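Below are the chains, spelled out letter by letter.
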Amino acid sequence: AMASPPLEPSLSEIVAQHRKTSQQLRNDLEKEKQDFVKSVEELGRSLLDKLDKGVGKTYENQRRLEAEAKNLEGKAVTFANEINQWTTLYSSFNDALKELGDVKNWAQGIEADLNSINTSLTQVVNKARSPSGKGAPEKNSAT
């Protein structure tokens with residue numbers, strides 16, 4: 001009669017099964033590890049891409065701000081030059097007005113002097129015309 005197969009697995013079968021299971025676990029663990037490393041690498045790339053975009057945008061904004069600042073500085077210099085020109089023009093105009101005021105005062109003084117001379121000359125002429133030298137003064141047409 002033939003021997004019936006043993007109901008319990010032999011030690012060599014248990015060891016073989018253990019090795020197979022252990023190898024499967026190592027394979028699964030290695031796959032999980034590779035998937036994890038791949039995910040971390042993708043996350044790193046994604047973060048770097050976002051950071052690069054942010055840095056690029058920041059650089060672009062800084063470049064635009066510097067250009068605007070230079071433009072504004074140029075406009076400020078132009079404005080300052082225009083202010084200086086207006087100030088010079090105003091000062092010249094103000095001096096001219098002062099001179100006109102001085103001329104007006106001078107002319108008024110001359111006019112007063114001439115009126116005084118006219119009055120005196122009119123009185124002299126009137127005295128000279130009268131036979132006694134005491135003639136009635138004529139009306140002064142200039143006054």
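Above this text you will find the structure in question.
Right, let's walk through the structure included here. Computed from a predicted structure; not experimentally measured.

### Description of the overall build of the chain
The secondary structure content of the chain amounts to one helix and zero strands. Out of the 143 residues belonging to the chain, those deemed buried represent 3%. Summing over all exposed atoms, the chain offers an accessible surface of approximately 13,300 Å²; the carbon and sulfur share of this is 61%.

### Digging into the pattern of salt bridges
According to the stated counting rule, one finds two salt bridges in the structure shown. Lysine 31 is the salt-bridge partner of aspartate 35, the closest N and O atoms lying 3.2 Å from each other. Of this pair, aspartate 35 and lysine 31 are both found in helix H1 (residues 11–129), four residues apart, which corresponds to roughly one turn of the helix. Measuring nitrogen to oxygen at the nearest pair gives 2.9 Å for the salt bridge that ties arginine 63 to glutamate 60. Remark: glutamate 60 and arginine 63 occur in helix H1; sequence separation between them is three residues, near one turn of the helix. Since its relative accessible area comes to 30%, glutamate 60 is described here as partly exposed.

### Section: the side chain of serine 130
Mapped onto the elements of the fold, serine 130 is located in the segment after H1. Looking at serine 130, its side chain comes within polar contact range of the main-chain oxygen of lysine 127, at 3.1 Å.

### A few points about a nonpolar patch on the surface
Taken together, the side chains of Val103, Trp106, Ile110, Leu114, Ile117 and Leu121 make up a nonpolar region of the molecular surface, amounting to roughly 600 Å² of accessible area. Turning to its location among the elements, isoleucine 117 is positioned in helix H1.

About the thresholds
Residues numbered from 1 in each chain as written. Predicted model: local features only at pLDDT ≥ 70, side-chain atom pairs only at ≥ 80, totals over all residues. Heavy atoms only, no water. Helix = DSSP H or I, 4+ residues; strand = E, 2+ residues; numbered from the N terminus. Buried < 20%, exposed > 50% of the residue type's maximum accessible area, 1.4 Å probe, protein only. Areas by Shrake-Rupley, 256 points an atom, 1.4 Å probe, with all protein chains shown as cover. Salt bridge = Lys/Arg side-chain N within 4 Å of Asp/Glu carboxyl O. Polar contact = N/O pair within 3.5 Å; in protein donor to acceptor, adjacent residues only side chain to side chain. Patch = residues over 30% accessible without salt bridge, like charges linked within 9 Å, V, L, I, M, F, W, Y side chains within 5 Å.

Purely spatial values, then, with no claim about function.
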